[in-house]
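Below are the chains, spelled out letter by letter.
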Amino acid sequence: MQHTLNKIRRGFSESAKSYDLFSSLHREIADKLLAQVIKEPAPSALLDVGCGTGYLTVRLKEHFAQSKIIGLDFSPGMLEAAARKHDGIAWVLADGNNLPFSDGCFDILISNLAYQWAGDLSRAFSEARRVLAPNGVLACTLFGYNTCQELFQSLDEAKTKALQFIRLPDRSQVRQALAASGFKNPKVDSERIKIEFNGMHELIAWLKSIGANNLSREGFLGPEAISRAASIYRKKFSYLQGIGATFEVIRVYAKR
């Protein structure tokens, strides 16, 4: 698991320069999360876990100007980019599974499309609950199991089921992790967003550009298998003028 986390960390650091250019989907989802959170009373302290290059963190500071805002990420490259955006925010290099804060010190913990990389989701949510004050709010989004399902199926068929991927958590697993972490009656829902790409190679390049091509897999796909997968993808999952890629967004709202 540590090898996987290190690979993910490197992927995001290497993609930091191009992340904002290619992450319009992330910003769209972040804006919806922001609209939900700004309905809460102004917090004395707020933590953004997996802040990336700081898009959501800066927006939060604009709305909660008097609040202490901390952006946390495990990617040095992402934090370097974030730190150039706002000097009124504390930027912390750390892992969401091991938050370097004392118990009960945040009123709101927010996270946009980061916890799917946690590895141990129950531990990550337990850490979130630990650092929240009584009645503190956890508001987060995760990419879910059905994200890029078309890509997985096409790759799987091209390799005649010899390639094994570790898939992202589904909604049931997210609920179970929240319950195991001590959150009571969390709200968990999801939506699916379909995006058009010219072809499978463009989709893979886009995933790489945002640092999100790091799902562990066993096996190897050579150029011929990749070409077969691209043909299968276009034949089975054509969409508009190209191909369609599904992104499942799981939304969580919970109180400590």
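Residues numbered from 1 in each chain as written. Predicted model: local features only at pLDDT ≥ 70, side-chain atom pairs only at ≥ 80, totals over all residues. Heavy atoms only, no water.

Peer 1: Help me understand the overall build of the protein in this model?
Peer 2: Tallying secondary structure elements over the protein gives ten helices and ten strands in all. Here the protein holds 256 residues, and 54% of them are scored as buried. In the protein, the share of contacts with a sequence separation of at least 24, taken over all contacts with a separation of at least 6, comes to 78%. Of the roughly 12200 Å² that the protein leaves accessible, carbon and sulfur atoms contribute 50%. (Helix = DSSP H or I, 4+ residues; strand = E, 2+ residues; numbered from the N terminus. Buried < 20%, exposed > 50% of the residue type's maximum accessible area, 1.4 Å probe, protein only. Contact = heavy atoms within 4.5 Å. Areas by Shrake-Rupley, 256 points an atom, 1.4 Å probe, with all protein chains shown as cover.)

Peer 1: I keep staring at the nonpolar core and nothing clicks. Help me out?
Peer 2: Looking at soluble globular proteins, one finds that nonpolar side chains tend to be buried together. In this structure, Leu47, Leu109, Tyr115, Phe125, Leu138, Val174 and Val252 are the most contacted members of the largest nonpolar core, which totals 29 residues. Mapped by element, the contributors of at least two residues to this core are β1 (45-49), β2 (68-73), β4 (106-112), α6 (121-131), β5 (132-143), α8 (171-181) and β10 (242-255). Examining the composition of this core, we find that five residues originate from one element, α6, more than from any other. Residues contacting Leu109, with those up to four places away along its chain left out, are Leu47, Val49, Leu99, Tyr115, Ala128, Val131, Leu132, Val137, Leu138 and Ala139. One finds Ala158, Leu168, Phe237 and Ile243 within the second-largest nonpolar core, a separate group that totals 26 residues. (Core = buried A, V, L, I, M, F, W, Y, C linked by side-chain atoms within 4.5 Å.)

Peer 1: Quick question: what am I supposed to make of the packing of helix α3 (residues 24-37) against helix α4 (residues 55-63) here?
Peer 2: Put simply, α3 and α4 touch, their axes get as near as 10 Å, and they point 30 degrees apart. As far as their axial angle goes, α4 and α3 are roughly parallel. Crossing hand, α3 versus α4: right-handed. Contact residues: Arg27, Ala30, Asp31, Leu33, Leu34 and Val37 in α3; Tyr55, Leu56, Arg59, Leu60 and His63 in α4. Of the residues in the contact of α3 with α4, the class split is seven nonpolar, one polar and three charged. (Axes fitted to C-alpha atoms, helices over the stretch in contact; angles between N-to-C directions. Parallel < 35°, antiparallel > 145°, perpendicular 65-115°, else oblique. Left-handed = near helix turned anticlockwise from the far one by under 90°. Nonpolar A, V, L, I, M, F, W, Y, C, P; charged D, E, K, R; others polar.)

Peer 1: So what exactly am I meant to see when it comes to the packing of aromatic side chains here?
Peer 2: The description of an aromatic ring pair rests on the distance of the ring centres and on the angle between the ring planes. Following the criterion strictly, the structure yields six aromatic pairs and no others. Measuring from centroid to centroid gives 5.1 Å for Phe101 and Phe106, while their planes differ by 85 degrees, and the two rings are edge-to-face. Like Phe101, the residue Phe106 is buried in the burial classification. On the basis of an interplanar angle of 50 degrees and a centroid distance of 5.7 Å, the ring pair of Phe143 and Phe247 is categorised as tilted. A residue pair is termed long-range when its members are at least 10 positions apart, and Phe143 in strand β5 and Phe247 in strand β10 qualify at 104 residues. Residue classification places Phe143 among the buried positions, given a relative accessible area of 6%. By way of ring pairs, the aromatic residues Phe143, Phe197, Trp206 and Phe247 are connected into one cluster. (Phe/Tyr/Trp six-rings, centres within 6.5 Å; stacked < 30°, edge-to-face > 60°.)

Peer 1: Explain unusual backbone geometry here, please?
Peer 2: Most peptide bonds adopt trans geometry, and most residues besides glycine take a negative phi value. In this structure, Leu113 takes a positive phi of about 55 degrees despite not being glycine. Tracing the sequence through the fold places Leu113 in the loop between β4 and α6. Its identity as a non-glycine residue notwithstanding, Asn135 has a phi of 65 degrees, on the positive side. Mapped onto the elements, Asn135 comes out in strand β5. With a relative accessible area of 58%, Asn135 lands in the exposed category.

Peer 1: In this structure, what is going on with the packing of helix α9 (residues 200-209) against helix α10 (residues 223-236)? I would like to understand it.
Peer 2: Geometrically, a packed helix pair is captured by the angle between its two axes and the distance between the axes. Viewed as axis vectors pointing N to C, α9 and α10 meet at an angle of 110 degrees, and their least axial separation amounts to 9 Å. Put simply, α9 runs roughly perpendicular to α10. Taken together, the residues of α10 that come into contact with α9 (itself represented by Met200, His201 and Leu203) are Ile226, Ala229, Ala230 and Tyr233. When its residues are assigned to classes, the contact of α9 with α10 shows six nonpolar, one polar and no charged.

Peer 1: Is there a simple way to explain the pattern of salt bridges in this structure?
Peer 2: Side-chain pairing between opposite charges can occur once the charged atoms of the two side chains come close. Overall, the coordinates contain seven salt bridges when judged by the stated rule. The salt bridge involving Arg130 is made with Asp103; its shortest N-O contact spans 2.8 Å. Of this pair, Arg130 sits in helix α6 while Asp103 is found in the loop between β3 (90-93) and β4, placing the two residues 27 residues apart along the sequence. For Arg130, a relative accessible area of 24% gives the class partly exposed. The partner of Glu157 in a salt bridge is Lys236, with the nearest N and O atoms 2.8 Å apart. Note that Glu157 is positioned in helix α7 (residues 149-158) and Lys236 in helix α10, a separation of 79 residues in sequence. Residue classification places Glu157 among the partly exposed positions, given a relative accessible area of 29%. Here the salt bridges share partners, and the residues they tie into one network are Asp31, Arg59 and Glu62. (Salt bridge = Lys/Arg side-chain N within 4 Å of Asp/Glu carboxyl O.)

Read these as geometric descriptors, not functional statements.
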